[in-house]
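# Chains, contacts and geometry: an overview
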Amino acid sequence: MRIYSRIFANNSRLIRIWNIMEKIFVSKNGLKKLEDELLYLKTARRKEIAQRIAEAKEYGDISENSEYEEAKNEQALVESRIVEIGSMIKNSSLLTSAVSKDRVGYGSQIKVKINQKTKIFKLVGSAESDPAEGMISCNSPIAKALIGLKKGEEAEVAAPSGMIKYRILEIK
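I will try to describe carefully the structure that is included in this document. (Residues numbered from 1 in each chain as written. Predicted model: local features only at pLDDT ≥ 70, side-chain atom pairs only at ≥ 80, totals over all residues. Heavy atoms only, no water.)

### Looking at the overall build of the protein
The number of helices and strands found in the protein is three helices and nine strands. Mapped from its N terminus to its C terminus, the protein presents α and β elements in the order β-β-β-α-α-β-β-β-β-α-β-β. Relative to its 172 residues, the protein shows a buried fraction of 33%. For the protein, the share of sequence-separated contacts (at least 6 apart) that also reach a separation of at least 24 residues comes to 48%. For the protein, the accessible surface area stands at approximately 11,100 Å², while carbon and sulfur atoms represent 51% of it. (Helix = DSSP H or I, 4+ residues; strand = E, 2+ residues; numbered from the N terminus. Buried < 20%, exposed > 50% of the residue type's maximum accessible area, 1.4 Å probe, protein only. Contact = heavy atoms within 4.5 Å. Areas by Shrake-Rupley, 256 points an atom, 1.4 Å probe, with all protein chains shown as cover.)

Set out below in structure tokens:
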């Protein structure tokens, strides 16, 4: 993965934009969520922040105006998120359903046995991963170890607590 940054000045602030040159795997739902967030940020959030900036300017001297500073900082964060999401969408590669129900692949929903416990994971793109909800990034060490395995096969993954064994019970 090649990552580089570009720094530009925006209202006397320096903002670093990270450009990710690697394809980002995303499902249809994940892509829709990214597009919805981008639309929200470009429309509603920009308007809210512009209104806050205008209100803060009405307080007078902006050089010592904390409301103005806060609004400008929030504006910079929103603008960098807009660029980040735009880059993610531009570099996205749509995940289709698993190629095979016989082997674990991108988009697979799998039931695994981990240390006598059963868990269900779905392999998703990094943009939509949420480990607490069982949605793990296809770029994660766990997913990389499980991709290509068949039902009944095992993989060991290094974790801070030691090696963890995963046994594939079901592939959907």
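Still more ground to cover, so stick around.
### Describing the packing of helix H1 (residues 28-57) against helix H2 (residues 66-90)
Where H1 meets H2, the axes come as close as 9 Å, and the angle between the chain directions of the two elements is 160°. When the axis of H1 is compared with that of H2, the two are roughly antiparallel. Between H1 and H2 lies a crossing of left-handed hand. Grouping the constituent residues of the contact of H1 with H2 by class yields 14 nonpolar, two polar and 13 charged. (Axes fitted to C-alpha atoms, helices over the stretch in contact; angles between N-to-C directions. Parallel < 35°, antiparallel > 145°, perpendicular 65-115°, else oblique. Left-handed = near helix turned anticlockwise from the far one by under 90°. Nonpolar A, V, L, I, M, F, W, Y, C, P; charged D, E, K, R; others polar.)

### Quick word on H1
If you check H1, its first and last C-alpha atoms are 42 Å apart, about what 30 residues at 1.5 Å a residue would give, namely 44 Å. Bending of H1 peaks at approximately 35° at the position of leucine 41. For H1, the complete set of buried residues consists of Gly30, Leu31, Leu34, Leu38, Leu41, Arg45, Ile49, Ile53 and Ala56. Tucked inside the fold, the buried residues of H1 contact strand E3 (24-26), H2 and strand E4 (92-94). (Expected span 1.5 Å × (residues − 1). Bend = angle between axes of the 7 residues up to and from the residue.)

### Focus on the sheet that holds strand E8 (residues 154-159)
Each strand in a sheet pairs with its neighbour through backbone hydrogen bonds, running either in the same direction (parallel) or in the opposite one (antiparallel). Strands sit in the order E7-E6-E5-E9-E8 across an open sheet of five strands; the sheet is mixed. Each edge of the open sheet is held by one strand with a lone partner, namely strand E7 (135-137) and E8. On average, each strand axis in the sheet is inclined to that of its neighbour by 45°, with strand direction left out of account. Where strand E5 (residues 109-114) lies against strand E9 (residues 162-171), five bridges are found, and the strand directions are antiparallel. Residue pairing across strands places isoleucine 114 opposite tyrosine 166, the latter belonging to E9. (Pairing = 2+ DSSP bridges.)

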